Amino acid sequence: MANSKYEYVKSYEFEDEVFLPNLIVVRIDGRDFRTFAEVHEFEKPNDEVALNLMNSCAVSVSEEFPDIVFSYGFSDEFSFVFKKTSKFHQRRASKVESIVVSFFTSVYVSKWREFFPSKELRYPPSFHSRVIACATIEVLQSYLLWRQSSCHTSNLHGTCLWELVKDGKTESEALELLKGASKEEKNSLLFEKFDIIYQKLDAIFRQGSCILKTEVMDVVKHNENGSPVERLRKKLRILHSKNIAGRSFWNEHASLRN
Ligand code: ATP
Ligand code: ATP
Ligand code: MG
Ligand code: MG
Ligand code: MG
């Protein structure tokens, strides 16, 4: 009902533009995935197939929305970083995050069967989302450092917890044992009791996953005299890296600074 007398209500919409030069980051996270993982019998502490499904959904999101230049995720979460100058939906936080989270969720459901061909999806999963406005690249780097250290902490904890449970402890006994233990103590518990060198566990578990847009020259065809015709094409890469907030990572991936 455009131009009706009722349209004044539109002015009551929440104003939530993320102003320039803030960088827009959207983080999505599975709602009650503790239960979802139980019901769908995810392997503990890390179900690699479930992680690959999350990564694949994040790749689809990055493909769908060209303004997303970088994403990072682990467990049931993913953070999507928009390019500095993005004008996506007039930078309105509620529009941007709702589009990202609903697209991610529907891709998760559509891809379920491809990743878990013999596991039925028992109920519709949902994800929550939020927008983080990063005033500078340094703030963004701190944000990423924070998420990656959460990945590390929860993975170290989870690895210890489930090794203890496999060894015969109940979950609450294992939790009691781990209460207040430092990183070093957890590392030595794994090594001394279970012969596990934490640093040798798969990088996807310890470091999480990044999705980067890189530019590559692709041969698109050959012309009459047989010489190749190349075109610059954006390509998505999934990688695991030790310190995604570190200087070397950011120097190596120039596209992040655009
Ligand atoms: P909330 O709604 O607050 O996000 P949540 O139960 O999802 O609640 P999180 O802190 O997000 O809590 O933790 C996600 C939980 O999902 C993990 O603790 C773990 O139990 C489970 N989970 C997610 N991904 C995996 C995976 N790939 N393998 C095994 N478990 C997983
Ligand atoms: P935006 O992303 O801004 O919402 P939009 O294309 O969805 O863009 P809307 O104003 O929401 O624009 O209009 C929804 C459009 O979707 C309608 O104009 C119509 O073309 C189509 N549509 C939605 N529901 C139906 C339906 N039940 N039957 C036929 N067409 C529909
Ligand atoms: Mg969650
Ligand atoms: Mg989570
Ligand atoms: Mg619409």
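The structure displayed is predicted, hence computed values, not measured ones.

Peer 1: Where do I start with the site of ligand 1 in this structure?
Peer 2: In the vicinity of ligand 1, 15 residues are found, and the nearest of them are F33, R34, A37, D47 and A50. Elements supplying a minimum of two residues to the shell around ligand 1: β1 (23-30), α1 (33-39) and α2 (48-64). Broken down by element, the shell around ligand 1 gets its largest block of residues, three residues, from α1. A per-class count over the shell around ligand 1 returns five nonpolar, three polar and seven charged.

Peer 1: In this structure, what is going on with the environment of F116? I would like to understand it.
Peer 2: By the secondary structure assignment, F116 is in the loop between α3 (93-115) and β4 (127-134). Residue class for F116 comes out partly exposed when judged on the 17 C-beta atoms lying within 10 Å of it. Separated by 15 residues in the primary sequence, F116 and V131 have C-alpha atoms spaced 30 Å apart.

Peer 1: Would you take a moment to explain the nonpolar core for this structure?
Peer 2: A general tendency of soluble globular proteins is for nonpolar side chains to be buried together. Judged by nonpolar contacts, the single largest core of 35 residues is most densely connected at V25, F80, V81, V100 and F104. Where this core is concerned, the elements lending two or more residues are β1, α2, β2 (68-74), β3 (77-82), α3, β4, α4 (137-166) and β5 (209-222). Aside from chain neighbours lying at most four places away, what touches F104 is I28, C57, V61 and F127.

Peer 1: Would you explain the sheet that holds β3 in this entry?
Peer 2: Two modes of strand pairing occur in sheets, parallel and antiparallel, and in both the strands are linked by backbone hydrogen bonds. The antiparallel open sheet is built from six strands, whose spatial order is β4-β1-β3-β2-β5-β6. Unpaired on one side and paired on the other, β4 and β6 (228-239) mark the two borders of the sheet. On average, each strand axis in the sheet is inclined to that of its neighbour by 25°, with strand direction left out of account. Relative to β3, β2 runs antiparallel, the two sharing six bridges. Considered in β3, the bridge of G73 is made with F78. This element, α2, spans β2, β3, β5 and β6 of the sheet and lies at about 165° to β2. Along the sheet face, α3 touches β1, β3 and β4 and points at about 140° away from the line of β4.

Criteria and cut-off values
Residues numbered from 1 in each chain as written. Chains lettered and ligands numbered in written order. Predicted model: local features only at pLDDT ≥ 70, side-chain atom pairs only at ≥ 80, totals over all residues. Near = placed C-beta within 6 Å. Helix = DSSP H or I, 4+ residues; strand = E, 2+ residues; numbered from the N terminus. Nonpolar A, V, L, I, M, F, W, Y, C, P; charged D, E, K, R; others polar. Buried ≥ 20, exposed ≤ 12 C-beta atoms within 10 Å, placed from the backbone. Core = buried A, V, L, I, M, F, W, Y, C linked by C-beta atoms within 7 Å. Contact = placed C-beta atoms within 7 Å. Pairing = 2+ DSSP bridges. Axes fitted to C-alpha atoms, helices over the stretch in contact; angles between N-to-C directions.

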